[in-house]
Amino acid sequence: MEMLSESKKILLAKLKFRDIERYERKLNFWGVSESEILDYIQRENTRIESIKKDYVKKDRFMTGYVYYMGGSPYWSSEPKDGKKIIERIERDNNRIKVKDSGKTIIAIDGDNHWTEAVEGIERVSDKEDIIIYAADENVLKKIKGKKGVGDKVKTVSVKRGNQAVDNRIKTELGKVAKEHSYSKIIIISHDQGYNDIIKKWRKKWKWSGDKIILCKCVKDVFDN
């Protein structure tokens, strides 16, 4: 029997993963046993595994496909029409686990219509953790001094700067959204710019629409 060429050994190794029926037909046609091409099969398997490692991130849930195009394996999150899919990969070991603490966190943007924002703040109970962020410490003192407020709220003085309070709220509540350490997240502000980040959190960290919301005042939280 004529010695099998390098190119045919490589082709057989690829067929082993791409099309097992065609692979077996080729083995019979060329009179080759699998033991003769084990090194090539292992090499092809290693190449496929390297594709997975490059494209499947370990810190998130992903489903995808490895397929061949032009003789080489590629990763895709969606199957490609007309291409032979050789493997479907699912990773759910880091799927987000939703906790239910039974508590609500309320963050108030003290730099945005704060007098209206704190309406109803005296109704806050031990079921809500309320934090007021402001660059003006006088605003924080005025809110703390309101009747019925006192130690019910936590105040955070933010260093002045462009969008400083907004950015601080987005950073700290972003961590809460990721960790699901509260059952509900509420931002109190007239600034509609928070809507985009809220949509992002809902999608990325698997929150239902009514669990992360934007309100104009604390009263709205209890009246809705």
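Residues numbered from 1 in each chain as written. Predicted model: local features only at pLDDT ≥ 70, side-chain atom pairs only at ≥ 80, totals over all residues. Heavy atoms only, no water.

Colleague: Could you clarify how one ought to interpret helix α2 (residues 20–30) in this entry?
Modeller: Along α2, the residues classified as buried are Y23, L27 and W30. Down the axis of α2, the buried side of the element spans an arc of 85°, and every buried residue falls inside it. Away from its buried face, by an angle of more than 90 degrees, α2 presents the exposed residues E21, R25, N28 and F29. Just past α2, the residue G31 takes up positive phi, approximately 65°. (Buried < 20%, exposed > 50% of the residue type's maximum accessible area, 1.4 Å probe, protein only. Helix = DSSP H or I, 4+ residues; strand = E, 2+ residues; numbered from the N terminus. Arc of directions from axis to C-beta.)

Colleague: What is the right way to look at the packing of helix α6 (residues 164–179) against helix α7 (residues 194–204) in this model?
Modeller: To characterise two packed helices, one gives the angle between the axes of the helices and the distance between these axes. Close contact between α6 and α7 brings their axes to 11 Å; oriented N to C, the two are set at 15°. Classified by the interaxial angle, the pair formed by α6 and α7 is roughly parallel. The chirality of how α6 crosses α7 is right-handed. Along the contact surface, α6 presents V165, D166, I169, K170, L173, G174 and A177, while α7 presents Y194, I197 and W201. (Axes fitted to C-alpha atoms, helices over the stretch in contact; angles between N-to-C directions. Parallel < 35°, antiparallel > 145°, perpendicular 65-115°, else oblique. Left-handed = near helix turned anticlockwise from the far one by under 90°. Contact = heavy atoms within 4.5 Å.)

Colleague: Help me understand the pattern of salt bridges in this model?
Modeller: Close approach of charged atoms allows side chains of opposite charge to pair. Evaluated as defined, the whole model comprises 4 salt bridges. E44 is the salt-bridge partner of R47, the closest N and O atoms lying 3.3 Å from each other. With R47 and E44 both in helix α3 (residues 38–55) and 3 residues apart, the pair spans about one turn of that helix. Assessed through its relative accessible area of 30%, R47 is described here as partly exposed. By relative accessible area, which is 6% here, E44 ends up buried. Across the pair K103 and D129 runs a salt bridge whose closest N-O atoms are separated by 3.0 Å. (Salt bridge = Lys/Arg side-chain N within 4 Å of Asp/Glu carboxyl O.)

Colleague: Help me understand the packing of helix α1 (residues 6–18) against α2 in this model?
Modeller: Contact pair α1 / α2: the axes reach a minimum separation of 6 Å and the direction vectors enclose 145°. Crossing hand, α1 versus α2: left-handed. Contacts between α1 and α2 involve K8, L11, L12, L15, K16 and R18 from the former and I20, R22, Y23, K26, L27 and W30 from the latter. Looking at the contact of α1 with α2, its residues break down into 7 nonpolar, no polar and 5 charged. (Nonpolar A, V, L, I, M, F, W, Y, C, P; charged D, E, K, R; others polar.)

Colleague: Even after reading the chapter, I still don't get unusual backbone geometry, so can you show me in this structure?
Modeller: One can expect most non-glycine residues to show negative phi and most peptide bonds to be in trans. Of note, H113 is a non-glycine position whose phi angle comes to about 50°, a positive value. The residue H113 is located in the loop between β4 (104–109) and α4 (114–117) in this model.

Colleague: Hey, could you run me through the sheet that holds β4 in this one?
Modeller: Two modes of strand pairing occur in sheets, parallel and antiparallel, and in both the strands are linked by backbone hydrogen bonds. Within the open sheet, the 5 strands sit side by side as β6-β5-β4-β7-β8. Their pairing is parallel. Each having just a single partner strand, β6 (153–157) and β8 (212–215) make up the two edges of the open sheet. In this sheet, adjacent strand axes meet at a mean angle of 20° when their direction is disregarded. Summarising the sheet, β4 and strand β7 (residues 184–188) pair through 5 bridges and their orientation is parallel. Residue pairing across strands places I105 opposite I185, the latter belonging to β7. Along the sheet, helix α5 (residues 137–144) makes contact with β5 (128–134) and β6, crossing β6 at roughly 170°. Packed onto the sheet, α6 meets β4, β5, β6, β7 and β8 and runs at close to 170° relative to β4. (Pairing = 2+ DSSP bridges.)

Colleague: Is there a simple way to explain the nonpolar core in this structure?
Modeller: Looking at soluble globular proteins, one finds that nonpolar side chains tend to be buried together. By size, the foremost hydrophobic cluster in this structure holds 24 residues, and its most contacted members are Y133, I169, L173, I185, I187 and W201. Looking at this core, the elements that each hand over two or more residues are β4, β5, α6, β7, α7 and β8. Excluding residues that lie within four positions of it along the chain, I185 makes contacts with I105, L173, V176, A177, W207, K211, I212 and I213. (Core = buried A, V, L, I, M, F, W, Y, C linked by side-chain atoms within 4.5 Å.)

Colleague: Explanation requested: the packing of aromatic side chains in the structure shown.
Modeller: What characterises a pair of aromatic rings is the spacing of the ring centres plus the angle enclosed by the ring planes. Inspection of the entire model under this criterion finds 0 aromatic pairs. Across from the ring centre of Y40, 4.7 Å away, lies the NZ or CZ of R43, which sits over that ring. The ring of Y194 has K170 sitting right over it, with the charged end atom 5.6 Å from the ring centre. (Phe/Tyr/Trp six-rings, centres within 6.5 Å; stacked < 30°, edge-to-face > 60°. Lys NZ or Arg CZ within 6 Å of the ring centre and 35° of its normal.)

Everything listed here is a matter of coordinates, which is why it stays silent on function.
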